[in-house]
Amino acid sequence: MNMIKAVNIHKQFNQLEVLKGISLTVDKGEVIAIIGPSGSGKSTFLRCLNRLETIDQGSIEIEGDVLVTDSGQGKVNYAAEAEARQICRRMGMVFQQFNLFPHLTVLENVIEAPITVKGCKREDIVLQAEELLRKVGLAEKRDVYPSRLSGGQKQRVAIARALAMNPDIMLFDEPTSALDPELTGEVLKSMRKLAEEHMTMIVVTHEMAFAREVANRVIFMDNGEIVEAGSPDAIFGSPSQARTRSFLQRVV
Ligand SMILES: Nc1ncnc2c1ncn2[C@@H]1O[C@H](COP(=O)(O)OP(=O)(O)OP(=O)(O)O)[C@@H](O)[C@H]1O
């Protein structure tokens, strides 16, 4: 069973065709890096996987459960709301802009969703949250408000917060793009640790070194299409497509 099976995803914003038939399957424990020029549709594709954006055409299955199917005739059918929500809950997401609750402490940020969404008891989830904060190196920031944290620390709280929901899959949408260069390392280290624990991950990133070292598979997207996909060695070492080569020459 695939963790994610997306077939022929199309997405338009008004007249702009942003995804032009993207297909991707992801197996358990795989780390996928999606790279490509700005505006190529990488974030939109990631957001379609967990229904932050709806698709116009195509189908998505998460761990064998149908989130959305193609009914033909250019229409799609989404699972009923409760089921769709339950399916999407298996995916944790980390955004470029952290999106922490400013009025909650670090610990409260981490335990908020397990309590309100999953109905966990506070005393049960606090221990797990403290463990997750230790894991991202922020145990001592437990009672601090986000405004007192660096960008890198905020992002690590965001990772702990996503993990507190016990997701089977983690989606990262350019998690280091808003950070000063000296702060990206600490976030990438937390992500690397997750990868070593065999978390299934899709990472949209401009960090080519991370993609090369940590991903099992690299997807190069351009202009709403997957131009090329392969092992990091293949993509970075000997890309077969001129568009991939030209992109890598510009960014590496
Ligand atoms: N909600 C929206 N409404 C209208 N257009 C959108 C919306 N979201 C994205 N777009 C457009 O869709 C295209 C793809 O955007 P997307 O953010 O997916 O690209 P990207 O590859 O992730 O780029 P970047 O690396 O710069 O984040 C862009 O032209 C963008 O302006």
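Here the residue numbers are simple positions, counted from 1 along each chain's written sequence. For this predicted model, a pLDDT threshold of at least 70 governs which residues receive local features, and a threshold of 80 or more governs which side-chain atom pairs are given and counted, while totals over whole chains, interfaces and linings are taken from all residues. The basis for the side-chain values is all heavy atoms of the structure; hydrogens and waters are excluded.

Looking at an unreviewed UniProt entry, one finds the protein named Arginine transport ATP-binding protein ArtM and attributed to Sporomusa silvacetica DSM 10669. In the Subcellular location (unreviewed entry) part of its UniProt record, the protein is described as follows: "Cell membrane". UniProt positions are given in the numbering used here, feature names are shortened, and annotations may be inferred rather than shown by experiment.

This brings us to the site of the ligand. Think of it this way: one heavy atom of a residue within 4 Å of a molecule or strand is enough to make that residue near it. Close to the ligand lie 13 residues; Ser38, Gly39, Ser43, Thr44 and Glu174 are nearest. Whenever two N or O atoms come within 3.5 Å, that pair is a polar contact, provided that in protein one can donate a hydrogen and the other can accept it, and provided that, for residues adjacent in sequence, both atoms are side-chain atoms. The separation between an oxygen atom of the ligand and a polar main-chain atom of Gly39 is 2.8 Å. Here Thr44 contributes a side-chain N or O atom positioned 2.5 Å from an oxygen atom of the ligand. Note that accessible areas follow from Shrake-Rupley with a 1.4 Å probe, and for residues the cover is restricted to the protein chains shown. When the ligand is considered free in solution it has 640 Å² of accessible area, and contact with the protein chains removes 62% of it. Contributing elements (two or more residues each) for the shell around the ligand: strand 2 (16-26) and helix 1 (42-49). Runs of H or I in DSSP of at least four residues are treated as helices and runs of E of at least two as strands, each being numbered from the N terminus.

Only when DSSP finds a minimum of two bridges between them are two strands counted as paired. Pairing within the open sheet is antiparallel, and its five strands lie in the order 2-1-4-5-6. Two strands close off the open sheet at either side, each with one partner strand: strand 2 and strand 6 (75-78). The sheet shows a mean angle of 20 degrees between the axes of neighbouring strands, taken without regard to direction. Inspection of the sheet shows strand 5 (residues 65-72) paired to strand 6 by four bridges, in the antiparallel sense. Directly across from Gly72, in strand 6, lies its bridge partner Lys75. Throughout, a residue-residue contact means that at least one pair of heavy atoms, one from each residue, lies within 4.5 Å. To get an axis, a line is fitted to the C-alpha atoms, and for a helix only the part in contact is used. The angle between two axes follows their N-to-C directions and goes from 0 to 180 degrees. Against the sheet, helix 1 touches strand 1 (4-13), strand 2, strand 4 (57-62) and strand 5, its axis set at about 120 degrees to strand 1. Against the sheet, helix 2 (residues 81-88) engages strand 4 and strand 5, with an angle of about 125 degrees to strand 5.

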